[in-house]
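# Understanding the architecture of this molecule
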Amino acid sequence: MNSLEQAEDLKAFERRLTEYIHCLQPATGRWRMLLIVVSVCTATGAWNWLIDPETQKVSFLTSLWNHPFFTISCITLIGLFFAGIHKRVVAPSMYPLHAVCSERSRGAFSASGASLTPLINDGFSFNHDVSIAARCRTILAEYNMSCDDTGKLILKPRPHVQ
C-alpha cells in the first residue's frame, strides 16, 4: 500500500470516527432532557405527596392511589432506569450499548473495506467504563498515533531505532 492510499485511509478513518462520536450527541441530549423532565415530575409529585395531610392517615397503597401524578412519574423513572437511561445520558463518553447513528454512518470507512465495528461493538465483551476514544487510543498507540475526545487523529513521531 503506497503512502497516498495510507493517507486516504487515515483521513477516512478520522472522518468515520469523528462522525460516529458526533452522531451520539443528539440522542444523548434527548435522553438527558427526558431524564430531567421525569425527575422534576417525580420530585414535584413526591413533594405534593409528602405535604398532603391525608398521606399520614391512610395506608401506603391508598396514598399512592390518591396521588396518580407521583405514582406514574415514579414508575416511569424506575422504568427508564431499568431500560438503561443511566447509560444513554452519557453515551458520548461511555461505550455504547446500541448504535444510535444512521445506517449511512455505520458503513465502511476506507477503500479496503475495514470499518469501525470491531472497535465499537464486539459483541458481549465490552466494558461500559471505557470510552470510544479511549479504546481507539489504545489501539492507535501501536501505530504511534492517538486521538482526541472528538475523534481527530494525532500523529506521533516515529521512534528512532538504533
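The rules behind the values
Residues numbered from 1 in each chain as written. Predicted model: local features only at pLDDT ≥ 70, side-chain atom pairs only at ≥ 80, totals over all residues. Heavy atoms only, no water. Helix = DSSP H or I, 4+ residues; strand = E, 2+ residues; numbered from the N terminus. Buried < 20%, exposed > 50% of the residue type's maximum accessible area, 1.4 Å probe, protein only. Areas by Shrake-Rupley, 256 points an atom, 1.4 Å probe, with all protein chains shown as cover. Arc of directions from axis to C-beta. Core = buried A, V, L, I, M, F, W, Y, C linked by side-chain atoms within 4.5 Å. Phe/Tyr/Trp six-rings, centres within 6.5 Å; stacked < 30°, edge-to-face > 60°. pLDDT = per-residue confidence, 0-100. Contact = heavy atoms within 4.5 Å. Expected span 1.5 Å × (residues − 1). UniProt positions renumbered as here; feature names shortened; annotations may be inferred.

### Things to note about the overall build of the chain
- The helix and strand inventory of the chain stands at 7 helices and 2 strands.
- Seen in sequence order, the chain has helices and strands lined up from the N terminus as α-α-α-α-α-α-α-β-β.
- The buried share of the chain, taken over its 162 residues, is 32%.
- As displayed, the chain has an accessible area near 10,800 Å², and 64% of this comes from carbon and sulfur atoms.

### Concerning helix H7 (residues 132-140)
- Of all the residues in H7, the buried ones are Ile 132, Ala 133, Arg 135, Cys 136 and Leu 140. The arc that holds the buried residues of H7, viewed along the axis, is 160°, so those residues lie on one side.

### A word on the nonpolar core
- One finds Phe 13, Leu 17, Tyr 20, Ile 21, Ile 132, Ala 133, Cys 136, Leu 140, Met 145, Cys 147 and Leu 153 forming the largest nonpolar core, which totals 11 residues.
- Where this core is concerned, the elements lending two or more residues are helix H1 (3-51), H7 and strand E1 (145-147).
- Grouped together as the second largest cluster of nonpolar side chains are 6 residues, Leu 35, Leu 77, Leu 80 and Ile 85 included.

### A look at the packing of aromatic side chains
- Summed over all chains, the structure comprises 2 aromatic pairs.
- A centroid spacing of 6.0 Å and a plane angle of 70° characterise the contact between Trp 49 and Phe 60, whose relative ring orientation is edge-to-face. Of this pair, Trp 49 sits in helix H1 while Phe 60 is found in helix H3 (residues 60-66), placing the two residues 11 residues apart along the sequence.
- Ring geometry for Trp 49 against Phe 70: centres 4.9 Å apart, planes inclined by 15°, an arrangement best described as stacked. Taken together, the residues span a long stretch of sequence, with Trp 49 in helix H1 and Phe 70 in helix H4 (residues 68-83) at a distance of 21 residues.

### Focus on the environment of Arg 158
- As for its position among the elements, Arg 158 is in the segment after strand E2 (153-155).
- C-alpha separation for the pair Arg 158 and Asn 144, spaced 14 residues apart in sequence, amounts to 6.5 Å.

### Concerning the confidence of the model for the chain
- With 72% of its residues at a pLDDT of 70 or more, the chain shows a mean pLDDT of 76.
- For the chain, the element scoring lowest by mean pLDDT is helix H6 (residues 117-120), at 45; H4 scores highest, at 95.
- Long-range and interchain partners of residues 94-130, a stretch whose pLDDT sits below 50, account for 67 contacts in this model, where long-range means more than four residues apart.

### As for H4
- Helix length check: H4, at 16 residues, gives a terminal C-alpha distance of 22 Å against a target of 22 Å (1.5 Å per residue), a fit within 8%.
- Within the sequence span of H4, burial applies to Phe 70, Thr 71, Ser 73, Leu 77 and Leu 80.

### As for the UniProt feature "transmembrane region" (unreviewed entry) in the chain
- Under the feature "transmembrane region" (unreviewed entry), the UniProt entry names residues 33-51 and 63-85.
- Along residues 33-51 one finds 100% helix and 0% strand; the C-alpha atoms at either end are 27 Å apart.

### Structural notes on the environment of Thr 28
- Positionally, Thr 28 belongs in helix H1.
- Residues Thr 28 and Ile 85 lie 57 residues apart in sequence; the distance between their C-alpha atoms is 9.5 Å.

### What about the side chain of Ser 73?
- Locating Ser 73 in the fold gives a position in helix H4.
- You can call Ser 73 buried: its relative accessible area is 6%.

### Quick notes on unusual backbone geometry
- Even without being glycine, Asn 144 reaches a positive phi, approximately 55°.
- Positionally, Asn 144 belongs in the loop between H7 and E1.

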